[in-house]
Amino acid sequence: MADITIQNIVASTTIADSLDLDSITRSIPNTSYRPGIFPGLVLRIPQPKTAFLLFKSGKVVCTGAKNLEDIKKSMKKVCTLLKKVGFKVVDEPEINVQNIVASGDLHGELNLVSTALAVGLENTEYEPEIFPGIVYRMEDLGVVLLLFSSGKIVCTGARKTQQVEQAVDQLRRELEAKGLLY
């Protein structure tokens, strides 16, 4: 079995019909809003350590959490903070996970040329002059895996942790069946 660690979860939601980002910047310290450069306001929460992008539309993106519970806690803190300074926001927004990034270790080494050929060139990109790993698209699971010769992997594109686990398990079985994991 491979070791898998969730590194980042990106989630989005809507917390209001609209947000006055200029007022939020004046009311809440440690925010960053430069509309000439980027249309969102950046708000950081120290515990659990997450960052939020707030938009005028009332939409919010949360990044940096390592589990769904931390997203919920952080979202609650942001909503409470906004309410305290007079903004009308929802109590419990519906959270939508957009992307999960996980890293892992297959506990073996890979010959990347052999691996790219064996798993199918139609699903892989391998250009060692540009990037030192294989980009392996698992279309059936909707994820992309980055495979490195050290046996380290990165999984991105999942919306549920089960997708990550399934993709890594499927990859490991495929590599072992083809004798590619040393």
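Everything that follows concerns the structure shown earlier in this document.
Below or above, wherever it landed, is the structure these notes cover. From a predicted model like this one, the values you see are computed outputs, not experimental measurements.

### Examining helix α2 (residues 68-84)
Working step 1: Here α2 is 17 residues long and its end C-alpha atoms lie 24 Å apart, about the 24 Å a rise of 1.5 Å per residue gives.
Working step 2: Taken residue by residue, α2 has Asp 70, Ile 71, Ser 74, Met 75, Val 78, Cys 79 and Leu 82 as its buried positions. Buried residues of α2, viewed axially, fall in a sector of 165°; they line one side. Residues of α2 that are exposed and point more than 90 degrees away from the buried face comprise Lys 76 and Lys 84.
Working step 3: Where α2 is buried, its residues touch β1 (3-14), α1 (21-27), β3 (41-45), β4 (50-54) and β5 (59-65).
Working step 4: The N-cap residue of α2 is Asn 67: its side-chain oxygen and the backbone nitrogen of Glu 69 are 3.2 Å apart.
Working step 5: Two residues or fewer after α2 comes Gly 86, characterised by a positive phi angle close to 100°.

Cut-offs and rules
- Residues numbered from 1 in each chain as written.
- Predicted model: local features only at pLDDT ≥ 70, side-chain atom pairs only at ≥ 80, totals over all residues.
- Heavy atoms only, no water.
- Helix = DSSP H or I, 4+ residues; strand = E, 2+ residues; numbered from the N terminus.
- Expected span 1.5 Å × (residues − 1).
- Buried < 20%, exposed > 50% of the residue type's maximum accessible area, 1.4 Å probe, protein only.
- Arc of directions from axis to C-beta.
- Contact = heavy atoms within 4.5 Å.
- Polar contact = N/O pair within 3.5 Å; in protein donor to acceptor, adjacent residues only side chain to side chain.

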